[in-house]
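Coordinates in review
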Amino acid sequence: MSQPDVVHGVPMDRGSCPFHPPSEYRTFRESDEWRQVEVLDGRRAWMITDYATARTVLGDDRFSADRTREGFPYLQFSQKALLRGAPVMVTTDEPLHSEIRRRAAGAFTARKVADQRDFVSTLVDQLIDEMLQNGPPVEFVTAFALRIPSYVIARILGIPAEDHTHFHELTGRIFGLSNTPEQVEAGRIGLQDYLGEQIASKFGNPDEALLTQYAEAVKAGEITMEDAKSQTRTLLIAGHETTASMIGLGTLYMLHHPEVKERVVHGTEREVMGVIEELLRVLTIMQRGLVRIATEDVDIDGHLIKAGEGVHIALNSANRDASVFELPDEVNLDKPSRRHIAFGYGIHQCLGQGLARMEMSIAFPRLFQRIPTLDCPLDLSEIQFKTDASVYGVRELPVTWH
């Protein structure tokens, strides 16, 4: 049997269009040959690029997310550095995963998300007012895209919204793919220390926010302070980083695809949500993908993945699979699909996906309704994209209007 082809590192180069994943993924999906990707420590993991296999792996409990397992296929230093904290929901298996998830889940139910709508609506209008007063030009990421999810997750957790620049900077240290292990560790410690202070402040001053629940659990001896810091760190990072990237990148995409922008501005609520689902699928910002390790031998369509072998799931490739999506490489305005796996799949599917959808459903229409001539004066080749981060997006986006 011949040795499989090896891909040396992910994410790969995107080529000329920043809205598309690496072109090699199409070749991989259309081939019957299985490939491996080179991970840290010289190890290799099987690369999954098609939709069906991606869902199979993510939904099968024989593939573990537990990063403490021997031979786990680390893709970057941050995955190892974060192990120094307590276990969190994205890196644990059942039953511990559900135990950790259950503590936070109440804050992200459909009812709780609906309770945030008025706050988000008011916030979006306030930020647009500030943009109109201060510009043009305006740097869109810091003025709008980053502040919406940062303020919302701060409100849910019960931390000062004005600290968003600080915790975003620490998050960047953790997830920058080019950062040294020392930089990653400094970011982890900084964020842990910050959250520890915030949790401790709730001991004598309880409120209705989520950190108070964690503080009470620590006081009751249900979890340790290290548990609380690590688990809330995951919520803080996931609650602002990904949605901010989607708002920034999604806005730029619509500036270059006016038919999509028009649907967001003039469409029904259902049509707007359809656009958001398609943006999530087409732009899939988790460019590093997800990793798992097989706990026993697993046969997938005649291909044996042995116990102890790693698997890398390229979400941005699976979401462009032409066997599943009618217009795989563009936003399908007529037949949007929620079958995508931009939020993952299986038990580890993103807890805050409803919140992210709600934030975008308000931000995108209101932005283009109130600033219909919004534009970016730069060519795509002049814009800085976060190619060196786990979560893809635009680093800075200058915008103008008239």
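A few words on the side chain of T92. Positionally, T92 belongs in the loop between α3 (77-81) and α4 (96-105). Polar side-chain contacts of T92 include one of 3.0 Å to the backbone oxygen of V88. Not counting chain neighbours up to four residues away, the residues in contact with T92 comprise A65, P87, H97, I100 and H348.

This part takes up the pattern of salt bridges. What the rule picks out here adds up to 20 salt bridges. Residue R147 is joined to E130 by a salt bridge in which the shortest nitrogen-to-oxygen separation is 3.0 Å. Here the residue R147 occupies a position in helix α8 (residues 147-157), and E130 occupies one in helix α6 (residues 117-134), the gap between them amounting to 17 residues. Note that R188 and E185 form a salt bridge whose closest N and O atoms lie 2.9 Å from each other. Remark: E185 and R188 occur in helix α10 (residues 181-201); sequence separation between them is 3 residues, near one turn of the helix. Given the relative accessible area of 8%, R188 is considered buried. In this structure, a network of salt bridges that share partners links the residues D125, D129, R366 and R370.

Running from N to C, helix α12 (residues 225-256) and helix α14 (residues 269-283) point in directions that differ by 100 degrees, and their axes come no closer than 11 Å. If you check the angle between α12 and α14, you find them roughly perpendicular. Where α12 approaches α14, its residues M246, L249, G250, Y253 and M254 are matched on the opposing element by L279, L280, V282 and L283. When its residues are assigned to classes, the contact of α12 with α14 shows 8 nonpolar, 1 polar and no charged.

Position of R233 relative to the elements: it lies in helix α12. Of the side chains with opposite charge, E226 comes closest to the buried, unpaired R233, at an N-O distance of 6.4 Å. Of note is the side chain of R233, whose polar atom sits 2.9 Å from the side chain of Q192.

A word on the environment of S245. Assignment of secondary structure puts S245 in helix α12. With relative accessibility at 4%, the residue S245 sits in the buried group.

About the criteria used
Residues numbered from 1 in each chain as written. Predicted model: local features only at pLDDT ≥ 70, side-chain atom pairs only at ≥ 80, totals over all residues. Heavy atoms only, no water. Helix = DSSP H or I, 4+ residues; strand = E, 2+ residues; numbered from the N terminus. Polar contact = N/O pair within 3.5 Å; in protein donor to acceptor, adjacent residues only side chain to side chain. Contact = heavy atoms within 4.5 Å. Salt bridge = Lys/Arg side-chain N within 4 Å of Asp/Glu carboxyl O. Buried < 20%, exposed > 50% of the residue type's maximum accessible area, 1.4 Å probe, protein only. Axes fitted to C-alpha atoms, helices over the stretch in contact; angles between N-to-C directions. Parallel < 35°, antiparallel > 145°, perpendicular 65-115°, else oblique. Nonpolar A, V, L, I, M, F, W, Y, C, P; charged D, E, K, R; others polar. Lys, Arg positive; Asp, Glu negative; His and termini not counted.

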